[in-house]
Amino acid sequence: MQIERQPEVSGIIVTYNPDLKGLKSLLDAIVPQLGPVIIVDNGSKADIGTWLREQDVHVELVALGDNLGIAKAQNVGIERARAHGSGFVLLLDQDSLPAPDMVVTLVAAAKAQISNGVKLGCVGPRYEDTRQNNPPPFIRTNGFRLERQTCAIPDAVVDVDYLIASGCLIPMGTLDDVGGMREELFIDYVDIEWGLRAGNKGYRSFGVCAALMKHDLGDEPILFLGRQIPVHGPLRHYYHFRNAVWLYRQPWLRFSWKVVDGSRLLRKYVFYSLMTVPRLQHAKMMTTGIFHGLFGKMGKKAGNG
């Protein structure tokens, strides 16, 4: 498969103590597809700069020196892409692996929507978690119902409420209007909040079924009733619950979405409290997150992260 470089797209890869072998695989796959590639490092213990100089790859490194959160790192990368004059940004996590034609497929889908007069928020690929049987579906709400779109038609382009950050292609003009990522969230719900905020301003986002990427969501999943359920550690669950509750408090978020997502959050609280180890630590961190979200105690959790 011949790779078509998209010079108008800047790639933004956020790193934090990455697996260097996996990062090299990502760079080998994505650098030929893009214009500028910007790595924003969130205070990794390894010397990423020295490692990059040893690789046969041309990227720009911005070292933040400390873990300032994924939202801050993405915003730093977006500003560098803006300085390069890029028309689009592609957000990527360090553990993703895009297909050779992912970027050209996403750009084509984005431009098709724009040419049809759509206010485009973002487009993103169908990703496969190698530890699960089926690719996770694209999600949207319809009233008080959650609809999962599973790409039954391989080249379908489907409406979504939001996309996960990794693989998300965003027009720079949309970022100029909607704004960047909310840095007080630090990590988790950053992509969800941005997608919903864009939607509130009339922008539409789409999952592109023909664009493919491998991406592991969460830590090692738990097998439950025949399904592989992705989980995180207690600290990530703190941010997940805190930021979800904070988001529900935003006046612009539609009520039906709060109900649908809130019911899912309640089920997660019960599941993680009973099925993850250590149970008490998970329950404590989730509960703390809920209270911090209610009272607006945001940013990086003291002593962690």
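Residue positions are counted from 1 within each chain, in the order its sequence is given. Since the coordinates come from a predicted model, pLDDT governs what is reported: local features require at least 70, and pairs of side-chain atoms require 80 or more to be given and counted, while whole-chain, interface and lining totals use all residues. Side-chain figures throughout are based on the complete set of non-hydrogen atoms in the structure, without hydrogens or water.

A separate point is the side chain of His240. For His240, the location among the structural elements is in helix H7 (residues 234-248). Should any heavy atoms of two residues lie within 4.5 Å, those residues are considered in contact. Not counting residues up to four positions away in its chain, the partners in contact with His240 are Asp188, Tyr189, Leu265 and Lys268. A run of H or I in DSSP becomes a helix once it reaches four residues, and a run of E becomes a strand once it reaches two; helices and strands are each numbered from the N terminus.

Another point: the packing of aromatic side chains. Working definition: a ring pair exists when centres of Phe, Tyr or Trp rings (six-membered ring for Trp) sit within 6.5 Å. Plane angles under 30 degrees give stacked, over 60 give edge-to-face, the rest tilted. The full count for this structure, using the stated rule, is five aromatic pairs. Note on Phe144 and Phe255: the rings are 6.2 Å apart at their centroids and 75° apart in plane angle, and the pair reads as edge-to-face. Pair noted here: Phe144 is in the loop between strand S7 (138-142) and strand S8 (145-149) and Phe255 is in helix H8 (residues 255-275), with a separation of 111 residues, a long-range link. Of the two residues, Phe144 and Phe255, neither departs from the other in class, the shared state being exposed. Taking 5.2 Å as the distance between ring centres and 25° as the angle between the ring planes, the aromatic pair formed by Phe186 and Tyr239 counts as stacked. Here Tyr239 lies in helix H7 and Phe186 lies in the loop between helix H5 (172-178) and helix H6 (190-200), a separation of 53 residues in the sequence. Buried, partly exposed and exposed residues are distinguished by accessible area as a fraction of the type maximum, computed with a 1.4 Å probe on protein chains only: under 20%, between the cut-offs, and over 50%, respectively.

To continue, consider H6. Of all 11 residues in H6, eight are buried; the element is thus mostly enclosed. All buried positions along H6 are accounted for by Val190, Ile192, Glu193, Trp194, Gly195, Leu196, Arg197 and Ala198. Turning to H6, the residues buried within the fold contact helix H3 (70-83), strand S6 (120-128), strand S10 (168-171), H5, H7 and H8. Positive phi shows up at Gly202, right after H6, with a value of about 95°.

Below, the discussion takes up the packing of H8 against helix H9 (residues 279-295). With axes taken as lines fitted to C-alpha atoms, and helix axes fitted only over the stretch in contact, angles between N-to-C directions fall between 0 and 180 degrees. Direction vectors running N to C along H8 and H9 enclose 150°, while the axes themselves pass 7 Å from each other. Regarding the angle of H8 to H9, the classification is roughly antiparallel. Facing H8, whose interface residues are Tyr269, Tyr272, Ser273, Leu274 and Met275, H9 presents Arg279, His282, Ala283, Met286, Thr287 and Ile290. Residue type decides the class: Asp, Glu, Lys and Arg count as charged, Ala, Val, Leu, Ile, Met, Phe, Trp, Tyr, Cys and Pro as nonpolar, and the leftover types, Gly among them, as polar. Grouping the amino acids of the contact of H8 with H9 by side-chain chemistry returns seven nonpolar, three polar and one charged. Throughout, the term roughly parallel applies to angles under 35 degrees, roughly antiparallel to angles over 145, roughly perpendicular to angles from 65 to 115, and oblique to all others.

This brings us to the domain arrangement of the protein. Throughout the structure description, domain borders are defined by an automatic or database domain assignment. Along its sequence, the protein is carved into domain 1 (9-215) and domain 2 (221-295). Centre-to-centre, using C-alpha coordinates, domain 1 lies 23 Å away from domain 2. Counting residues at the interface gives 23 residues for domain 1 and 23 residues for domain 2. Computed with a 1.4 Å rolling probe, the buried area is the accessible surface lost when two parts are put together, summed over both parts. Contact between domain 1 and domain 2 buries roughly 2100 Å² in total, counting both sides, with carbon and sulfur atoms accounting for 62%. For the domain 1 face of the interface with domain 2, the top three residues by lost area are Phe144, Asp188 and Tyr189, together amounting to 30%. Here, a salt bridge means any side-chain nitrogen of Lys or Arg that lies within 4 Å of a carboxyl oxygen of Asp or Glu. Remark: the boundary between domain 1 and domain 2 carries two salt bridges. Of the charged contacts, one joins Arg254 and Asp161 as a salt bridge, the two residues approaching to 3.4 Å between their closest N and O atoms. Elements represented by at least two residues in the side of domain 1 that touches domain 2 include exactly S7, S8 and H6. When residues in the side of domain 1 that touches domain 2 are grouped by element, the largest group, five residues, is from H6.

Turning our attention to the pattern of salt bridges. Across all of its chains, the model carries 15 salt bridges by this definition. A salt bridge links Asp28 to Lys24, with the nearest nitrogen and oxygen atoms 2.9 Å apart. Here Asp28 pairs with Lys24, and both are found in helix H1 (residues 20-30), just four residues apart, close to one helical turn. The salt bridge involving Arg197 is made with Glu193; its shortest N-O contact spans 2.8 Å. In this pair, Arg197 and Glu193 both sit in helix H6, four residues apart, roughly one turn of the helix. The same class applies to Arg197 as to Glu193, namely buried.

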